[in-house]
Amino acid sequence: MRIILTIAQRELAAYFATPVASVFIVIFLVLQGAMTFNLGNFFDRGQADLNPFFTFIPWVFLLLIPAITMRLWAEERRLGTIELLLTLPITQGQAVIAKFLAAWAFCAIALALTFPFIISVNLLGNPDNGVIASGYVGCLLVAGAFLSIGSALSAATRNQVIAYVLAVAVCFVFAVASYPLVTDFLNRNTPILAEIARRIAVIDRFQAFTRGVVSVRDVTFFATFIGFWLFLNTVLVDQRKAD
Amino acid sequence: MAADGESALIEIDGLTKRFGAFTAVDSVSFRVARGEVLGFLGPNGAGKSTTMRMLAGFMIPTAGTARICGHDVQTDGVAARRMLGFLPEGAPTYPEMSVTGFLRFCAKIRGFSGAELDRRVDHALGLTRLESVRLQPVETLSKGFKRRVGLAQALLHDPPVLVLDEPTDGLDPNQKHEVRKLIQDMRAEKAIVISTHILEEVDAVCTRAMIIARGRVVADATPAELEKRHPSGKLDDVFRQLTTQKDAA
């Protein structure tokens, strides 16, 4: 655990030592703010809740999180530091978890900086802050799910552009899997796949959180989902580290 | 060469690496005992770095095994890497970190903390003469300093086995001399493998030289013995003879 924290700490510090952190956070906040206020009619709705905020945040994540993860392993390879890191007395699993945790902590920091939204709704009305809290937990879990996908795909290719595009595509598939467009199509041909698609959809699970429902089943889903992708990540790092 | 099993800290058996149809390293076997400095020579692309990467557990061999202090680098990798100080090719470091920041990171991963960590880092900085740039970000350093940061990282934990891929590349003559002296000073209690293109370096620091060409070991002897293999008595000529012969074959 000490090793994981040491690596994660170094990773997180590296985000802030480069312009990556400031650019990401500023773009995230501007994009999320524009979506919530303009497309989401934050004020005109006349309701004291963060529903417009939560409606758009998975899509902002979909666009921006692969930008964090695309460099996760590709950058280590470009610099050659992967050879240094993986010849220190650590396991590959520790390196994978540490990098994931650092990226997740970074997302949590970006998410925490959306606090003015919470202050606004509390000033303007009497929102259910419990629902807001569970919505934020959901946001973190969606971020974790997308991060784990992106991290694994970053280990699969040397090329950062390919890593980004693949991660957006795969995240998109898991985001829309439960949409009628997908399930109706699958239902016509292979109903069993439609059922599976509904179960693995990330957005569906997230919407439960935004309604204030935190269920063990959904949390387990996200934990399993992240665990699966991190396992895949470890296998990919092992197979491709020296390519 | 005459390494008894007891003190052979590095044991490599039939190590082979194939990339598709290309065989980069072809069943290389050797042992290095405490007190030996093995100089790894060969033309570019001969398989030196690939062999070192496999020894460090970074690259998975197609066949064969490598052991460090009795620990297999593949099946017992963490224990093997604890005994190893490794300078990868090109001495990669995290560019945005300061010299001390980077060394403290490596020391923490190696399990040091508190006063012991400070002592280790200071000692490594002293050995590689990096005190003057200790707070500078690595990316602002010259090539020679970067190389020494990589070297300091490999020496932090005073490992019994050192594997250094071109430790003097990019250093000026004075710095080269210092690094060679450093290796000589450490020789007695360690097993050291260095790769180099500089043949005089082999004479200066190595107790044993191994020439590798096209992935195969073509010579393994003391530098003095190797020199006798050519009428001119120069290591240069021996090297050229052995490595170009293979190419023609």
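The structure displayed is predicted, hence computed values, not measured ones. (Residues numbered from 1 in each chain as written. Chains lettered and ligands numbered in written order. Predicted model: local features only at pLDDT ≥ 70, side-chain atom pairs only at ≥ 80, totals over all residues.)

Caption draft 1: Expanded view of the overall build of chain B. Looking only at helices and strands, chain B has nine helices and ten strands in total. The C-alpha radius of gyration of chain B comes to 18 Å, within 12% of the 18 Å expected for a compact globule of 249 residues. For chain B, the spread of C-alpha atoms along the principal axes amounts to about 55 × 40 × 35 Å. For chain B, with 249 residues in total, the buried portion stands at 48%. Summarising the internal contacts of chain B: among those between residues at least 6 apart in sequence, 66% fall at separations of at least 24. (Helix = DSSP H or I, 4+ residues; strand = E, 2+ residues; numbered from the N terminus. Rg over C-alpha atoms; globule rule 2.2 N^0.38 Å. Buried ≥ 20, exposed ≤ 12 C-beta atoms within 10 Å, placed from the backbone. Contact = placed C-beta atoms within 7 Å.)

Caption draft 2: Molecular detail of the overall build of chain A. Helix and strand content of chain A: twelve helices and zero strands. Written out in order from the N terminus, the α and β elements of chain A read α-α-α-α-α-α-α-α-α-α-α-α. Rg of the C-alpha trace for chain A: 19 Å, near the compact-globule value of 18 Å for 243 residues, within the 12% margin. Dimensions of chain A along its principal axes, counting C-alpha atoms only, are 55 × 50 × 30 Å. Buried positions account for 40% of the 243 residues belonging to chain A. Across chain A, contacts joining residues at least 24 apart in sequence account for 78% of those joining residues at least 6 apart.

Caption draft 3: The arrangement of the confidence of the model for chain B in detail. All names here are of chain B. The pLDDT averaged across chain B works out to 88; a share of 95% of its residues lies at or above 70. Averaged pLDDT values over the elements of chain B bottom out at 74 in helix α9 (residues 235–248) and peak at 95 in helix α3 (residues 99–109). Confidence drops under a pLDDT of 50 for residues 1–5, and excluding neighbours within four residues, the segment shows six contacts in the predicted structure. Scoring the predicted complex yields pTM 0.90 and, for the interface, ipTM 0.88. (pLDDT = per-residue confidence, 0-100.)

Caption draft 4: Here's a closer look at unusual backbone geometry. Residues and elements named next belong to chain B. Although it is not a glycine, C69 adopts a positive phi angle of roughly 50 degrees. Along the chain, C69 turns up in the loop between β4 (63–68) and β5 (71–72). With 17 C-beta atoms counted inside 10 Å, the residue C69 sits in the partly exposed group. The residue D158 is not glycine, and still its phi comes out positive at about 50 degrees. Among the structural elements, D158 can be located in the loop between α5 (143–155) and β7 (161–165).

Caption draft 5: Local environment of the interface of chain A and chain B. On the chain B side, the residues contacting the 19 residues of chain A number 21 residues. The greatest single-element share of the side of chain A that touches chain B, amounting to five residues, is contributed by helix α1 (residues 2–17) of chain A. Grouping the amino acids of the side of chain A that touches chain B by side-chain chemistry returns ten nonpolar, six polar and three charged. (Nonpolar A, V, L, I, M, F, W, Y, C, P; charged D, E, K, R; others polar.)

Caption draft 6: Examining the sheet that holds strand β9 (residues 208–213) of chain B more closely. All names here are of chain B. Spatial ordering of the open sheet is given by β6-β7-β8-β3-β9-β10, a layout of six strands whose pairing is mixed. Edge positions in the sheet fall to β6 (84–87) and β10 (216–221), since each has one partner strand and no second. On average, each strand axis in the sheet is inclined to that of its neighbour by 15 degrees, with strand direction left out of account. Pairing analysis gives five bridges linking β9 to β10, with the strands arranged antiparallel. When the bridges of β10 are listed, M210 appears paired with D220. Lying over the sheet, helix α1 (residues 48–55) contacts β3 (37–41), β7, β8 (191–195) and β9, oriented at roughly 150 degrees with respect to β7. Across the sheet, α5 touches β6 and β7, and the angle it forms with β6 is around 170 degrees. (Pairing = 2+ DSSP bridges. Axes fitted to C-alpha atoms, helices over the stretch in contact; angles between N-to-C directions.)

Caption draft 7: Structural view of the nonpolar core. Counting 142 residues, the largest nonpolar core has F146(A) and V163(B) as its most contacted members. Element by element, the count of residues in this core is highest for helix α7 (residues 129–156) of chain A, at 14 residues. Apart from residues no more than four positions distant in its own chain, F146(A) is found in contact with F61(A), L62(A), I65(A) and C171(A). (Core = buried A, V, L, I, M, F, W, Y, C linked by C-beta atoms within 7 Å.)

Caption draft 8: Just the environment of L84(B), in detail. Residues and elements named next belong to chain B. Examined against the element boundaries, L84 turns out to sit in strand β6. Classification of L84 as buried rests on a count of 27 C-beta atoms within 10 Å. L84 sits 59 residues away from V25 along the chain, and the two C-alpha atoms are 21 Å apart. Setting aside anything within four residues of it in sequence, one finds L84 in contact with A56, I68, P159, V161 and V163.

Caption draft 9: Molecular detail of the confidence of the model for chain A. Put simply, chain A has an average pLDDT of 90, and 100% of its residues get 70 or more. The weakest mean pLDDT in chain A belongs to helix α9 (residues 180–189) of chain A at 79; the strongest belongs to helix α5 (residues 92–112) of chain A at 95.

Caption draft 10: Looking closely at the sheet that holds β4(B). All names here are of chain B. Taken together, four strands build an open sheet; the order of strands is β2-β1-β4-β5 and the sheet is antiparallel. The sheet terminates laterally at β2 (22–33) and β5, the two strands that pair on one side only. One ladder, built from eight bridges, connects strand β1 (residues 8–19) with β2; its direction is antiparallel. Along β2, the bridge assignment pairs L15 with V28. Sitting on the sheet, α1 touches β1, β2 and β4, and the angle it makes with β1 is about 120 degrees.

Caption draft 11: Quick look at α1(B). Residues and elements named next belong to chain B. Among the eight residues that make up α1, eight are buried, leaving the element largely enclosed by the rest of the structure. Turning to α1, its buried residues are K48, S49, T50, T51, M52, R53, M54 and L55. Immediately beyond the C-terminal end of α1, within one or two residues, lies G57, with a positive phi of roughly 80 degrees.

Caption draft 12: Representation of the pairing of β3(B). Residues and elements named next belong to chain B. For β3, a buried count of five out of five residues is recorded, marking the element as mostly surrounded by other parts of the structure. What you see with β3 is no split at all: V37, G39 and L41 on one side and L38 and F40 on the other are buried throughout. As paired strands, β3 and β9 are joined by four bridges and run parallel to one another. Paired with G39 across the two strands is A209, which belongs to β9.

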